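Listed below are the residues making up each chain.
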Amino acid sequence: QTRVNGRRVQQDPSVGSDNRRKAYEFVESVKNEHPNPLLVGCGILRSDAPQYGTAVACHVALHLIENTVRKKWKQYDEQTRVNGRMTTVETLLSSPVFLAKAELH
């Protein structure tokens, strides 16, 4: 919830610049300092985060997953990459957010 609220504060024009900066720093610290931000992204998608704002939760989660694949993927050993792939696919296939969108099509 804190990560999602951090992103919401970061994007809300009514929030002061100091709070916006702190929220940005928090999201960036998760992205850059967590050993595997992909798992954090998957955790957000698997959680009840959509109740805090589906678009915001999805944005944060997918951003963390994308950033991990683009910038950190080659640093991981083969087993971590296999587990990351499986976790991501399982998460996307079971996420209420994505299941709801798939039912619309």
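Residue positions within a chain follow its written sequence, with the count starting from 1. Where totals are concerned, whole chains, interfaces and linings use all residues; where local detail is concerned, this predicted model gives features only for residues with pLDDT of at least 70, and gives and counts side-chain atom pairs only at 80 or more. The basis for the side-chain values is all heavy atoms of the structure; hydrogens and waters are excluded.

**Student:** Any details on the environment of Gly84? Residues and values, ideally.
**Tutor:** By definition, any uninterrupted DSSP run of H or I lasting at least four residues is a helix, any uninterrupted run of E lasting at least two residues is a strand, and each is numbered from the N terminus. With respect to the helices and strands, the residue Gly84 is situated in helix 5 (residues 78–94). Along the chain, Gly84 and Leu39 lie 45 residues apart, while their C-alpha atoms are 7.4 Å from each other.

**Student:** So what about the nonpolar core? Which residues, and what values?
**Tutor:** Counting 13 residues, the largest nonpolar core has Leu38, Val40, Ile44, Leu45, Leu64 and Ile65 as its most contacted members. Looking at this core, the elements that each hand over two or more residues are helix 3 (37–46) and helix 4 (54–71). Setting aside its immediate chain neighbours within four residues, Leu64 contacts Val30, Lys31, Pro37, Leu38, Val40, Gly41 and Ile44. Nonpolar cores were defined as sets of buried Ala, Val, Leu, Ile, Met, Phe, Trp, Tyr and Cys residues, with membership established by side-chain atoms within 4.5 Å. When a residue's accessible area, from a 1.4 Å probe over protein chains only, is under 20% of the maximum for its type it is buried; when over 50% it is exposed; and in between it is partly exposed. Contacts are assigned to residue pairs that have any heavy atoms within 4.5 Å of one another.

**Student:** Explain the pattern of salt bridges to me, using residue names and the numbers behind them.
**Tutor:** Whenever a carboxyl oxygen of Asp or Glu lies within 4 Å of a side-chain nitrogen of Lys or Arg, that contact is scored as a salt bridge. Here the structure, examined in full by the defined rule, presents four salt bridges. Between Lys31 and Glu28 there is a salt bridge, with its nearest N and O atoms 2.9 Å apart. Here Lys31 and its partner Glu28 are both found in helix 2 (residues 17–33), three residues apart, which amounts to about one turn of the helix. Accessibility assignment for this pair places Lys31 and Glu28 in one class, buried.

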